[in-house]
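# Commentary on secondary and tertiary structure
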Amino acid sequence: MKTAVALTIENCAAGADGRVIPVDIAAAKALAIARTVSETEQVPLIAATGRVLARDIRAPIDLPPFDNSAMDGYAVRITDFTGAGPWELLVGGRIAAGDVYAGEAVRPNEALRIFTGAPVPDGFDAVVMLEHCERVGDRIAVSKFPRRGENIRHAAEDVGANSRIMDAGAQLSPQRLALLAGQGLDAVEVLRKVRIGLISTGTELRDPGEALGRGQIYNSNRVMIRSMLSVSPWAEIVDYGIVPDRQDALAEAFGEAVLHCDVLVTTGGVSAGEEDHVVSALGHHGGTLDVLKVAMRPGKPVKIGRIGGMLFAGLPGNPNAALVTFRQIALPAIPTIAGLGNVAPDWSAAVAGFAYDKRLGRTEFVPVRITGRDDLGLPVLDMLGRGSSASLMAMALADGIAMLPPDVLSIHRGLPLRFESLCRS
Ligand code: AMP
Ligand code: MG
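Residues numbered from 1 in each chain as written. Chains lettered and ligands numbered in written order. Predicted model: local features only at pLDDT ≥ 70, side-chain atom pairs only at ≥ 80, totals over all residues. Heavy atoms only, no water.

Below, the discussion takes up the overall build of the protein. Looking only at helices and strands, one finds 8 helices and 28 strands in the protein. Relative to the compact-globule value of 22 Å for 425 residues, the protein shows a C-alpha radius of gyration of 31 Å, a clear excess of over 25%. Counting only C-alpha atoms, the protein reaches 95 × 60 × 45 Å along its principal axes. Per-residue burial for the protein yields a buried fraction of 47% across its 425 residues. In the protein, the share of contacts with a sequence separation of at least 24, taken over all contacts with a separation of at least 6, comes to 73%. Carbon and sulfur atoms provide 53% of the accessible area of the protein, an area that totals close to 20500 Å². (Helix = DSSP H or I, 4+ residues; strand = E, 2+ residues; numbered from the N terminus. Rg over C-alpha atoms; globule rule 2.2 N^0.38 Å. Buried < 20%, exposed > 50% of the residue type's maximum accessible area, 1.4 Å probe, protein only. Contact = heavy atoms within 4.5 Å. Areas by Shrake-Rupley, 256 points an atom, 1.4 Å probe, with all protein chains shown as cover.)

The structure is reproduced here in structure tokens:
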């Protein structure tokens, strides 16, 4: 049994003094907690999309494995091209892709009909394109003097056997999988998936599909967080469902997560109220907090901490606050756990098409829609929801989120802003 540690907002290392930290520092603290998983597994190539390579890979074979034709045409020997053109050659044989040329002796002044991908027999040093040949009966007249090696893909010109073709930590994209398949590999060793525990805290919550009683609301955060992670093939969700606002219930769920997860994401219950038990449940399992309050809106009470090697992200319950804090602070640290290293945030330049007053020293994240382009082609943003952070509708209508910087008091039309897209196809 673990001894209960009375971790409270007052005594935690991150914020005994109640310090509010900037968003980027909070994200850096989350990143500093992230440790890359070490276990690996063998997966079939066909199921490896987006997974992270565990070891460097050396090429088992040359690519291409043999000299082959890059064109449909005629394989020729340059020594047969004497005197002035056009040069006349007898067509002595035919080789298609997949054929093995038996290698019958080819007489001087003979060419071979050859097709793309077919092996070029020894002694032949160019393939003449069909367009440069005129066929008359069993002969061709070649109008252009061939260059040595023309239209031949030489063995090992793409990849030499035993050369390093991929580094550990590479994410397996379709084109990288194509290379591995080209090397004859049917399975690959990847880092195991990052196990991300998810707990929706709140006695008032019911899952969609259930009947809604008085004072209850539906759980929006569960599907939202899961959906955000569903695009990451290296992530595996361990969903603990809804846990009511009771310290014992939360501590029990945390106990399970500590045993199985690399990351624990909770929503709700991180403010300082009597019904907020997330921090004490963390303390119950020996956890500590690195981030206590962040100078942002929405999401100020977001908590980042750790239990042993597990990264803990306690997001506020308001779905917009959960969305913004997850995207800005917790999510960027998770690829590091997956073995992908630091992933640069994906944002683009835009300009405000609205006016808005905010508080100095606080970064605000607001839902926006793109209404057009300015003279330079930058997207012009309109703010949705008038700053109400609890609106599910505004966020659902938004094309993305605009970051309103901490050192700006008033947003005016034309002000450059960072825009992060929420849309993906
Ligand atoms: P909390 O952070 O627990 O104080 O919750 C803040 C607000 O968000 C409250 O109005 C909660 O009812 C609401 N809330 C908490 N969790 C969820 C959730 N999973 N889905 C939708 N709303 C939630
Ligand atoms: Mg709550």
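This part takes up the pattern of salt bridges. For the coordinates displayed, the defined rule picks out 20 salt bridges. For Asp 382, the salt bridge is made with Arg 369, and the minimal N-O distance between the two is 4.0 Å. On the criterion of sequence distance, the pair formed by Asp 382 in strand S25 (residues 379–383) and Arg 369 in strand S24 (residues 363–373) is long-range, its members being 13 residues apart. Of the residues examined, Asp 382 reaches a relative accessible area of 22% and is grouped as partly exposed. (Salt bridge = Lys/Arg side-chain N within 4 Å of Asp/Glu carboxyl O.)

Consecutive side chains along a regular strand alternate between the two faces of the sheet. The buried count for strand S21 (residues 310–315) comes to 6 of 6 residues, which makes it a mostly enclosed element. On S21, burial covers both faces: Met 310, Phe 312 and Gly 314 on one face and Leu 311, Ala 313 and Leu 315 on the other are all buried. Here strand S17 (residues 263–267) pairs with S21 via 5 bridges, running parallel. Within the sheet, the bridge partner assigned to Leu 264 lies in S21 and is Phe 312. The antiparallel hairpin formed by strand S20 (residues 303–307) and S21 contains 2 residues in its connecting segment, where Gly 308 sits at a positive phi of about 60°. (Pairing = 2+ DSSP bridges.)

Aromatic ring pairs are reported here in terms of the distance separating the ring centres and the angle at which the planes meet. Taken as a whole and assessed by the stated rule, the structure comprises 4 aromatic pairs. On the basis of an interplanar angle of 45° and a centroid distance of 5.7 Å, the ring pair of Phe 254 and Phe 312 is categorised as tilted. Taken together, the residues span a long stretch of sequence, with Phe 254 in helix H4 (residues 247–260) and Phe 312 in strand S21 at a distance of 58 residues. Assessed through its relative accessible area of 0%, Phe 312 is described here as buried. Three or more aromatic residues link up through ring pairs in this structure, and these residues are Phe 81, Trp 87 and Phe 145. (Phe/Tyr/Trp six-rings, centres within 6.5 Å; stacked < 30°, edge-to-face > 60°.)

A few words now on helix H1 (residues 23–33). What H1 keeps buried is the set Val 23, Ala 26, Ala 27, Ala 30 and Ile 33. For H1, the angular spread of buried residues about the axis comes to 115°, placing them on one side. Here the buried face of H1 lies against strand S18 (288–291), strand S19 (296–297), S20, S21, helix H6 (319–330) and S24. (Arc of directions from axis to C-beta.)

Soluble globular proteins: nonpolar side chains tend toward being buried together. Formed by 43 residues in total, the largest nonpolar core has its most connected members in Val 294, Ile 304, Phe 326 and Ile 329. For this core, the elements supplying multiple residues, two or more each, are H1, strand S13 (194–201), helix H3 (221–229), S17, S21, H6, helix H7 (334–338) and strand S26 (400–404). By residue number, the principal contributor to this core is H6, which donates 6 residues. With near-sequence residues (within four places) excluded, Val 294 lies in contact with Val 20, Ile 21, Pro 22, Val 23, Ala 26, Lys 300, Val 302 and Ile 329. (Core = buried A, V, L, I, M, F, W, Y, C linked by side-chain atoms within 4.5 Å.)

The local shell around ligand 1 holds 15 residues, among which Glu 204, Asn 219, Ser 220, Gly 269 and Gly 317 are the closest. One of the side-chain N or O atoms of Glu 204 is found 2.5 Å from an oxygen atom in ligand 1. Against a free-state accessible area of 490 Å², the protein chains account for coverage of 72% of ligand 1. Residue composition of the shell around ligand 1, by class: 5 nonpolar, 9 polar and 1 charged. (Near = heavy atom within 4 Å. Polar contact = N/O pair within 3.5 Å; in protein donor to acceptor, adjacent residues only side chain to side chain. Nonpolar A, V, L, I, M, F, W, Y, C, P; charged D, E, K, R; others polar.)

Time to look at the environment of Ala 338. Among the secondary structure elements, Ala 338 is positioned in helix H7. When its relative accessible area of 1% is taken as the criterion, Ala 338 is described as buried. Placed 295 residues apart in sequence, Ala 338 and Val 43 show a C-alpha to C-alpha distance of 16 Å. Beyond its immediate sequence surroundings of up to four residues, Ala 338 is in contact with Thr 36, Val 52, Leu 191, Val 194 and Trp 234.

Let's shift gears to the side chain of Glu 420. Residue placement: Glu 420 occurs in strand S28 (residues 416–421). Here Arg 327 takes part through its side chain, which lies 2.9 Å from a polar atom of the side chain of Glu 420. Once residues lying within four places of it in the same chain are set aside, the contact partners of Glu 420 are Arg 327, Gln 328, Asp 346, Trp 347, Asp 399, Gly 400 and Ile 401.

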